[in-house]
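The residues making up each chain are set out below.
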Amino acid sequence: MSKNAGSPVQAEMPRVSRLVENQNDERFINYDYRESPPREVLFWLRQRARVLWSYSMVKKCLPVLSWLPKYQCSYFLYDLIAGVTVALTAIPQSIAYGILSNLGPQYGLYSNILGCLAYAVFGSVKDVTIAPTSLTAIMVQDIVKELEYGTALLTFLAAVVTISFGALNLGVLVRFISIPVVMGFTSAACLTIGSAQIRSLLGIKTQGRRSDFVTSWTNVFTHLDEVRTADCVLGCCSILMLCSLRLTKDLGEGRWRTFFKYLALLRNALIVVLGATLAYCLTTDTDNPVFNLTGHVPAGLPSFQVPPFSYTNENGTVYSFVDMLGVMRTSIITIPLVTTLEIVSVGKAFSRGKIIDATQEMIALGISNLFVSFCSPLPVAGSFTRSALNHSSGVRTTMSCAVTAVMLTLSLALLTNAIFYIPKTTLASVVISAMLFMVDYEEIGNIWRTKKLDMIPFLATALACLFYELDYGILVGIGINCCILLYLMSCPGLSGEEIQLAGLRILLVKIDQSLAFSSAECLRDWIMKRIAQRDNIDLVVIDGQNVHFADTTVAKNFVNIEEDLNTRHIRLLLWRFQSNVALALLRMRKELFIGMLRADSQLQDAVARWKFLNQYPPEANN
């Protein structure tokens, strides 16, 4: 096209229209490089407000409105079987986790009941069962030692944080917890939980100052003289039986296969019933029993009360709201993160390819813990064991959670005398055997084989959780992962190639990722080092095909690169940059970048056209 064709604006149009792949972009032709005006933002906010207050959003937040109108009578039998089956496993596990958290056994049942009822209404994954887990129990046990029932405030605040994350659509936060961090946390938690139960397994009554990994073993070795032979034998035999029953799930054919399958699924309830029966037969004096027993469990439903915002414990120590926050520390954030991770992971495991709405699961989990906080200090999360049992029982809807809640309520009304005789060593064996199979040893091997760099956050998380605290440990792992991520972002893959085109000696620079403020200086330093090693470069071409984002710092560094090269009498050409990146550069300094940007498909065409439009002096070729 002739340089003298038409008006100056028309003469400029061919140059401007070749800045990006979309050559008809009106923003370039009309010289409008602004970002979206406030009116569009207000329009977007109004649209979001209409969506938030729509019936479809109500149905999304209350999944029960979707499945209940379509509920069929045939579904109820499956949900009933699943709910009863889960309850038989939930009763001993909830009691065990209530004791593990340093609360009474009844609080594990209270949390399970309210959690299941809330999830039946707000849950979106039919297979998931909400209940106290070993992780939630271990994460609150030290706080329970100091605040006792005042820990209900922690459950309340964790619920508020979880609901807030869900309302703000922050389910994306779960993505920042990588698999190595999860594996490190899970492995350390299993060791910590199992170690905390060794005391009960051996019949040692003395409880350590804390229940972390080191303190638990220190307490065991310093009180070996308190080991009770009866508890030790019963506990070890229970673990052997649990592990053996777990291995029978694939035995037999036909009806026998079904029998062994459910025998394996109900092994926890079976062992607890056998242990309680043995303890009842051998106990002649309840003040001096053969085994350490669970003891009295209050019958009936829990009393409902607002979580305390100030508390006085049994020692007479008064805690204000600020003091309670000081005791809880980072648990207010880590418990929502860990419980959300649990419920999303469990949901994905049984979704059969369906998309899991992490935001809705956060809301359901938050509301479940909100209900729980009014009757129990022990928070709930998604239970993998009970969810697997729910799934294998043929569950159809979250109605099974309501059935489980009813069964647990009946157990509080009718079975408290039987719960009294459950040996603590039997409950400890249930927890320890679960921990043995909870560590994914194959996945740890995959981390080592796939990317050895991932062993750093894995080991850092595991060691911090084991030798410091679980909630701080997962923050350490996330922090290290973020540091690695920032390092990778700040060091983009750069490659240089020296070529000759259109009579110019060119250094072609290729970038393999987007640029952000952390990587801007890296690009500038890399180019200047390569230029310093060569004395014969006329033009530096930066290929921005893989650059999809650039911020103010990056744009400013492109200005600095051009100035640095200009002092060496070297020109700069920006080739194949995306439209949003080109617009950002033009907003920084239009008169500088409008002559640099080219989007020709071939580098030879881009260089030739740039040379013609910029009237590059022929003497520069010499």
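How each quantity is defined
- Residue positions are given per chain, counting from 1 as you read along its sequence in written order.
- Under the rules for a predicted model, residues below a pLDDT of 70 receive no local features and side-chain atom pairs below 80 are neither given nor counted, while totals for whole chains, interfaces and linings still include all residues.
- The side-chain values count all of the structure's non-hydrogen atoms but skip hydrogen atoms and water molecules.
- With a 1.4 Å probe rolled over the protein chains alone, any residue whose accessible area is under 20% of its type maximum counts as buried; one over 50% counts as exposed, and the rest are partly exposed.
- Helix numbers and strand numbers start at the N terminus; a helix is a DSSP run of H or I with at least 4 residues, a strand a run of E with at least 2.
- At least two DSSP bridges between two strands are required for those strands to pair.
- For a helix, the expected span equals 1.5 Å multiplied by the residue count minus one.
- A contact between two residues is defined here by any heavy atoms of the two lying within 4.5 Å.
- For Phe, Tyr and Trp, rings pair up if their centres lie within 6.5 Å, where Trp contributes its six-membered ring, and each pair is then called stacked (planes under 30 degrees apart), edge-to-face (over 60) or tilted (otherwise).
- Angular values range over 0 to 180 degrees, each being the angle between N-to-C directions of two axes fitted as lines to C-alpha atoms, with helices fitted over their stretch in contact.
- Patches here are clusters of residues that have more than 30% relative accessible area and form no salt bridge, with a 9 Å joining cutoff for like charges and a 5 Å cutoff for nonpolar side chains (Val, Leu, Ile, Met, Phe, Trp, Tyr).
- Per-residue and other accessible areas were derived by the Shrake-Rupley procedure at a 1.4 Å probe size, with only the shown protein chains allowed to occlude residues.
- Between Lys or Arg on one side and Asp or Glu on the other, a salt bridge is scored when a side-chain nitrogen of the former is within 4 Å of a carboxyl oxygen of the latter.
- Confidence scores per residue from the predictor, reported as pLDDT, run from 0 to 100.
- Here the word oblique covers every angle except those under 35 degrees (roughly parallel), over 145 (roughly antiparallel) and from 65 to 115 (roughly perpendicular).
- When the near helix sits turned anticlockwise from the far one by under a right angle, the crossing is termed left-handed; a clockwise turn instead gives a right-handed crossing.
- Each residue is assigned to one class: nonpolar for Ala, Val, Leu, Ile, Met, Phe, Trp, Tyr, Cys and Pro, charged for Asp, Glu, Lys and Arg, and polar for all the others, Gly among them.
- Each nonpolar core is a collection of buried residues, namely Ala, Val, Leu, Ile, Met, Phe, Trp, Tyr and Cys, held together in the definition by side-chain atoms within 4.5 Å.

With four of its five residues buried, strand β8 (residues 571–575) lies for the most part within the structure. By the bridge criterion, five bridges tie strand β7 (residues 539–543) to β8 in an arrangement that is parallel. Each residue of the ladder has a partner; that of L539, found in β8, is R571. Two elements, β8 and strand β9 (residues 597–598), share two bridges in a ladder whose sense is parallel. Of the residues in β9, the one forming a bridge with W575 is R598.

Note: α-helices contain 3.6 residues per turn, so residues at a spacing of three or four share the same orientation. Along its 15 residues, helix α21 (residues 424–438) runs 21 Å from first to last C-alpha, staying within 8% of the 21 Å computed at 1.5 Å per residue. Burial in α21 covers these residues: T425, T426, L427, A428, S429, V430, V431, I432, S433 and M435. Summarising the contacts, the buried residues of α21 are in contact with α6 (73–100), α8 (134–147), α10 (179–202), α12 (229–246) and α14 (267–282).

Turning to the packing of aromatic side chains, a few remarks are in order. As enumerated under the stated definition, the model contains 14 aromatic pairs in all. On the basis of an interplanar angle of 85° and a centroid distance of 5.7 Å, the ring pair of W256 and F259 is categorised as edge-to-face. Note that W256 and F259 are positioned in helix α13 (residues 255–265) at a spacing of three residues, about one turn of the helix. By relative accessible area, which is 57% here, W256 ends up exposed. Each ring, one from F309 and one from F321, has its centre 5.8 Å from the other, and the planes form 35°; the classification is tilted. With F309 in the loop between α14 and β2 (311–312) and F321 in helix α15 (residues 321–328), this pair connects stretches of sequence that are twelve residues apart. Residue F321 is classed as partly exposed on the basis of its relative accessible area, which comes to 31%.

Once that is clear, we can look at the sheet that holds strand β6 (residues 504–511). Reading across from one edge, β5-β6-β7-β8-β9 is the order of the five strands in this open sheet, with mixed pairing throughout. Edge strands, defined here as strands with exactly one partner in the open sheet, are β5 (494–501) and β9. When β6 meets β7, the two strands line up parallel, connected through five bridges. Looking at the pairing, L508 lines up with V541 of β7. Each of β5, β6, β7, β8 and β9 is contacted by helix α29 (residues 603–613), which is oriented at about 130° to β8, the strand it contacts most.

Once that is clear, we can look at a nonpolar patch on the surface. Taken together, the side chains of F76, L77, Y78, L80 and I81 make up a nonpolar region of the molecular surface, amounting to roughly 440 Å² of accessible area. Secondary-structure assignment places L77 in helix α6. The exposed category is assigned to L77, whose relative accessible area is 52%.

We now examine the confidence of the model for the protein. With 88% of its residues at a pLDDT of at least 70, the protein reaches an overall mean of 83. Across residues 1–25, confidence stays below pLDDT 50; counting only partners more than four residues off in sequence or on other chains, it has 42 contacts. The model gives residues 618–622 a pLDDT under 50, and that stretch makes eight contacts with residues more than four places away or in other chains.

On to the packing of α6 against helix α19 (residues 399–414). The packing of two helices is summarised by the inter-axis angle and the distance between the axes. Here α6 crosses α19 at 45°, and the two axes come no closer than 8 Å. Judged by the angle between their axes, α6 and α19 are oblique. Handedness of the α6/α19 crossing: right-handed. Packed against α6, whose contacting residues are D79, L80, A82, G83, V84, V86, A87, A90 and I91, the element α19 presents M399, S400, V403, T404, M407, L408 and S411 at the interface. When the residues that make up the contact of α6 with α19 are grouped by side-chain class, the tally is eleven nonpolar, four polar and one charged.

What follows is about the environment of L539. As for its position among the elements, L539 is in strand β7. Using a relative accessible area of 0% as the deciding quantity, one classes L539 as buried. Residues L539 and I506, 33 residues apart in the sequence, show an inter-C-alpha distance of 4.9 Å. Among residues more than four places away in sequence, those in contact with L539 are L504, R505, I506, L507, I570, R571, L572, L573, V607 and W610.

Among the nonpolar cores identified, the biggest contains 92 residues, and Y119, F185, I193 and M328 are the most heavily contacted of them. If one sorts the elements of this core by residue count, helix α7 (residues 105–122) sits on top with nine residues. Setting aside residues up to four positions removed in sequence, Y119 forms contacts with S124, V125, V128, I130, I343, E361, A364, S368, T398 and C401. In this structure, L494, I527, L574 and M596 belong to the second largest nonpolar core, which totals 35 residues.

Its 16 residues place the ends of helix α25 (residues 517–532) 24 Å apart at the C-alpha level, agreeing with the 22 Å of an ideal helix rising 1.5 Å per residue. Considered for burial, the residues of α25 that qualify are S519, A520, L523, W526, I527, M528 and I531.

One non-glycine residue, A502, lies in the positive phi region at around 50°. Checked against the element boundaries, A502 lands in the loop between β5 and β6. A positive phi angle, close to 65°, is found at R576, a residue other than glycine. The residue R576 is located in the loop between β8 and α27 (579–588) in this model.

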